[in-house]
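# Fold and geometry: a report
Residue strings, one per chain:
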Amino acid sequence: MLVSDLPTPALLIERDRLDANLAAMQAHANAERVALRPHVKTHKTVELAWRQTKAGAQGLTVATVDEAEAFAQAGFRDLVVAREVVSEDGLRRLRWLAQNGTRLAFCVDTPEGVRRTAEAFEGMEAEVFVEVDTGHGRCGIPWDSEDAVGFVRRVRETAGLRLRGLLTHGGHSYLGPRMGETHEAALLRAMGEERDRLLDLAVRLGEAGMLDPASAVLSLGSTPTVSRFVNAERGGFRVTEVRPGNYVFLDAMQVALGVAAIERCALTAVATIVSCRRSAAGVERVFIDAGKKALSPDTGVGTDGFGVLLHSPVTMKPLPHARLGALSEEHGWITVPGGSTFTVGDRVHIVPNHACMAVASHPRLYLVDGEEVLEEWSVVAR
């Protein structure tokens, strides 16, 4: 089958760029002596998860209980749910996975979460991470909190819980450069904050007898920070695990942040032009059959519109002047000042702003080599 035979909108994965991204991140993790536990919420496909495992990944990271169940069913038996799970149903389902051969851990960051986990896992042991906020401002105990030692002591002393270590997500890396800061400096700063704040808390906990550097897992991750990650040691502690997800595909957000060049982006969307209109001012408006439900409405620091239109999916060169400036549910709105040679029925290729969100909207992905479709992969746990 050829790409031109596919119905649109569709998501394509260029095999060679994908394999290069997998190899580069695995080599980086090996060089820094950390386990690579990739976050599969980015691609949600069993085939790509096995590809990561064969390249050297040690376990998987998932975002939801649904994902944990789907990947466990596919044969992956070492999973981390990188968020808090407090619902009775979610904890019941995680307990069932743990009872049936899946090694898993998930996060706690409140006394109530600890209590609910202990009740749900009564009679057995739940492995948990204490999530730490190192700058993102989402979940997790603040890295410099005076109550951190007391909270970790509560976790350690609660029957039925076993503390695996500390986990953080450097999501503040997506905020981009501060005033006068270069993109590279911003990435290095965010990486250093994530790493050093996690290590500083680990040292405090170690001094209080709450964490053992010989066995504690210190886990961090976001594609921007891991792309610049350099390990360090504090009081016998080192980062032991990284959890990037987006690195497999990369996208327009990662390009805008300076993480990678657009030529490394492995995921593109292909769409069909369904209508063309020219305004009195000479601006051509081109409408495609890919909108919010196919590309996601996400924008980010440095992005322009809702994706990068490509002159060629082979060279990955952006299409000059044309801008994907608006999305409705099923349509993308492209403006081309001065007009273009676009006609109804033409196909266009786009690097989405946010690959993870785009994937979550599609039932399948297509692995390609140029114009040839090599494999069709189902998206699980949408």
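Presented here is an overview of the structure given in this document. Small disclaimer: the values here were computed from a predicted structure and weren't measured.

So, on to the overall build of the protein chain. What the protein chain contains, in helices and strands, is eleven helices and 21 strands. A compact globule built from 382 residues would reach a C-alpha radius of gyration of about 21 Å, and the protein chain, at 22 Å, matches this within 12%. Here the C-alpha coordinates of the protein chain stretch approximately 70 × 50 × 35 Å along the principal axes. The buried share of the protein chain, reckoned over its 382 residues, is 53%. Approximately 16000 Å² of the protein chain is accessible, and the part contributed by carbon and sulfur atoms is 51%. Measuring between centres, the 42 positive side-chain charges of the protein chain sit 1 Å from its 49 negative side-chain charges.

Applying the stated rule across the entire model yields four aromatic pairs. For the pair Phe287 and Trp333, a centre-to-centre distance of 5.2 Å together with 80° between the ring planes defines the contact as edge-to-face. With Phe287 in strand E14 (residues 283-288) and Trp333 in strand E18 (residues 332-337), the pair connects residues that are 46 residues apart, well separated along the chain. A network of ring pairs unites the aromatic residues Trp50, Phe71 and Phe76 as a single cluster.

Turning next to the nonpolar core. Judged by nonpolar contacts, the single largest core of 94 residues is most densely connected at Leu18, Phe71, Leu94, Phe106, Leu166 and Phe249. Counting residues per element, this core draws most heavily on helix H7 (residues 183-207), at seven residues. Judged by nonpolar contacts, the second largest core, of eleven residues, contains Leu250, Leu310, Met316 and Val351.

Reading guide: rules and limits
- Starting from 1, residues in each chain are numbered consecutively following that chain's sequence as written.
- Residues qualify for local features only when their pLDDT is at least 70, as the model is predicted, and side-chain atom pairs are given and counted only at 80 or more; totals for whole chains, interfaces and linings, by contrast, use all residues.
- For side-chain calculations, the full set of non-hydrogen atoms in the structure is used, while hydrogens and water are omitted.
- Each helix corresponds to a stretch of at least 4 residues labelled H or I by DSSP, and each strand to a stretch of at least 2 residues labelled E; elements are numbered beginning at the N terminus.
- Only C-alpha atoms enter the radius of gyration, while the globule expectation follows 2.2 Å times N to the 0.38, with N the number of residues.
- We call a residue buried when its accessible area falls under 20% of the maximum for its residue type, exposed when it is over 50%, and partly exposed in between, using a 1.4 Å probe and counting protein chains only.
- Only the protein chains shown count as cover for residues, with accessible areas throughout obtained via the Shrake-Rupley method and a probe of 1.4 Å.
- Neither His nor the chain ends contribute to the count of charged residues, in which Lys and Arg are positive and Asp and Glu negative.
- To locate a charge, take atom NZ for lysine, CZ for arginine, CG for aspartate or CD for glutamate.
- Two rings from Phe, Tyr or Trp (for Trp, the six-membered ring) form a pair when their centres sit within 6.5 Å of each other. Planes less than 30 degrees apart are called stacked, planes more than 60 degrees apart edge-to-face, and all others tilted.
- What makes a nonpolar core is a set of buried Ala, Val, Leu, Ile, Met, Phe, Trp, Tyr and Cys residues whose side-chain atoms join them at distances within 4.5 Å.

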